[in-house]
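# Secondary and tertiary structure notes
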Amino acid sequence: MSFNPVKDVTEGVVEGGLNWTTKQIKSLVDRWKHKELVFIQDPKIMEIVKEQYKSGELSIYKEYIHDKDILFLIKMGLTLKVLEHKGEEERRTNLRNKIFGKFKVKGLHVAQFVENGLLNRYIGILIDNVISIEKFKSDIMEILKNIEKYVLFVKTGDMERHIVQSAVTSTTSNSPSVFIISGISSAAVIIRNCEPKLIELLRDYELEKISSAQKENLFFKRILRAN
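Residues numbered from 1 in each chain as written. Predicted model: local features only at pLDDT ≥ 70, side-chain atom pairs only at ≥ 80, totals over all residues. Heavy atoms only, no water.

### Section: the packing of helix H7 (residues 118–128) against helix H8 (residues 133–145)
Put simply, the rule is: Fitting a line to C-alpha atoms yields each axis, with helices limited to the stretch in contact; the angle taken between N-to-C directions then spans 0 to 180 degrees. The helix and strand labels rest on DSSP assignments: H or I over at least four residues marks a helix, E over at least two residues marks a strand, and numbering proceeds from the N terminus. Handedness of a helix crossing follows the sense of rotation of the near helix relative to the far helix, less than a right angle counterclockwise being left-handed and clockwise being right-handed. Contact criterion: two residues are considered in contact whenever any of their non-hydrogen atoms come within 4.5 Å of each other. Side-chain classes are defined by residue name, with Ala, Val, Leu, Ile, Met, Phe, Trp, Tyr, Cys and Pro counting as nonpolar, Asp, Glu, Lys and Arg as charged, and the others, Gly among them, as polar.
Contact geometry of H7 with H8 gives a least axis separation of 10 Å together with a crossing angle of 145 degrees. Remark: the crossing between H7 and H8 carries right-handed chirality. Contacts between H7 and H8 involve Leu119, Tyr122, Ile123, Leu126 and Ile127 from the former and Phe136, Asp139, Ile140, Ile143 and Leu144 from the latter. Considering only residue class, the contact of H7 with H8 consists of nine nonpolar, no polar and one charged.

This is the structure we're talking about:
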């Protein structure tokens, strides 16, 4: 049986004997189609999220990611990125809080992974060493579903020794092909202070950095050694 939300809602209005205008019906249909955005509450943010549904970046990700929950968090991350570029800091903070409230730390970290440009570059690193499309897709989903194992998000106030120890522990325990450390604003400064010690201790990895005035992203890529 086919399901057409626009047709069903429209017929429901007619059968109910309601004298609604076309604009009111379209508004009702739109709210029904995007009911997953209700938790955001801010209409302006909701409109930006809807715009991301047609973004080129999302189209690329959808080629390799088919998990609806993950794709939704990616849309949240793209929206955070737009809000950052627009200088809408209050709305950006509000959305981050909403994401945390609904999807907890893991969901927020997936959104931040996209917001900070990490997913984009991570895919680029995978492409450099792609073996098969299936392995490529599997590696993308692995990091998104188990993000705490592969990405360390540094917060303001984190101690440098704890960051270094966490990085050493994660790379030793999980042996990831790529381990990422990311932070913004004052957290970016903390990461920069840790960098020399991280290079010294993570000897099986080579470092690639993506830096800006407000962000510091360190990609530690495992060195492939001949047996």
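### Overview of the packing of helix H3 (residues 43–52) against helix H5 (residues 68–85)
The relative placement of two packed helices comes down to the angle between their axes together with the axis-to-axis distance. Where H3 meets H5, the closest approach of the two axes is 9 Å, and the angle between their N-to-C directions is 115 degrees. Considering how the two elements wind past one another, H3 and H5 form a crossing that is right-handed. Touching Ile45, Ile48, Val49 and Gln52 of H3 are Lys75, Met76, Leu78, Thr79, Val82 and Leu83, all from H5. Within the contact of H3 with H5, the residues separate by chemical class into seven nonpolar, two polar and one charged.

### As for the pairing of strand S2 (residues 178–184)
Counted only if it meets this: Buried means the residue's accessible area, taken with a 1.4 Å probe over protein chains only, is under 20% of the maximum for its type, while exposed means over 50%, and partly exposed covers the values in between. Two strands are counted as paired when DSSP detects at least two bridges linking them. Handedness of a crossover is defined as follows: with both strands directed away from the viewer, a clockwise route from the first strand across the helix to the second makes it right-handed.
The buried fraction of S2 is high, at six of seven residues. Across three bridges, strand S1 (residues 151–153) lies against S2 in parallel orientation. Opposite phenylalanine 153, over in S2, you have serine 182 as the bridge partner. Viewed along the sheet, the connection from S1 through helix H10 (residues 160–174) into S2 turns out right-handed. As judged from the seven bridges shared by S2 and strand S4 (residues 215–222), these two strands associate in the antiparallel manner. Counterpart to isoleucine 181 in the pairing with S4 is leucine 218.

### Remarks on the side chain of lysine 221
To keep it simple, the criterion reads: Polar contacts, as counted here, are pairs of nitrogen or oxygen atoms within 3.5 Å of one another; within protein the pair requires one atom able to donate a hydrogen and one able to accept it, and residues that are adjacent in sequence qualify only if both atoms are side-chain atoms.
Among the structural elements, lysine 221 can be located in strand S4. Within polar-contact distance, the side chain of lysine 221 engages the side chain of glutamate 208 at 2.9 Å. Residues in contact with lysine 221, not counting those within four places in the same chain, are Ile125, Ser177, Val178, Asp204, Tyr205, Glu206 and Glu208.

### Some points on the pattern of salt bridges
Worth spelling out the cut-off: Here, a salt bridge means any Lys or Arg side-chain nitrogen found within 4 Å of an Asp or Glu carboxyl oxygen.
Under the definition given, this model contains 18 salt bridges. With a closest N to O distance of 2.5 Å, glutamate 208 and arginine 121 form a salt bridge. One end of the pair, glutamate 208, is in strand S3 (residues 205–211); the other, arginine 121, is in helix H7, and 87 residues separate them in sequence. Overall, glutamate 208 belongs to the buried group, its relative accessible area being 17%. The class of arginine 121 is partly exposed, set by a relative accessible area of 23%. When the shortest N-O distance is used, the salt bridge between arginine 192 and glutamate 216 registers 2.5 Å. Of the two residues, arginine 192 sits in helix H11 (residues 186–201) while glutamate 216 sits in strand S4, which places them 24 residues apart along the sequence. On the basis of relative accessible area, glutamate 216 is assigned to the buried category, the value being 2%. Within the structure, one salt-bridge network assembled from shared partners comprises Asp42, Lys44, Glu88 and Arg91.

So far we have only geometry, and geometry alone does not tell us how the molecule works.
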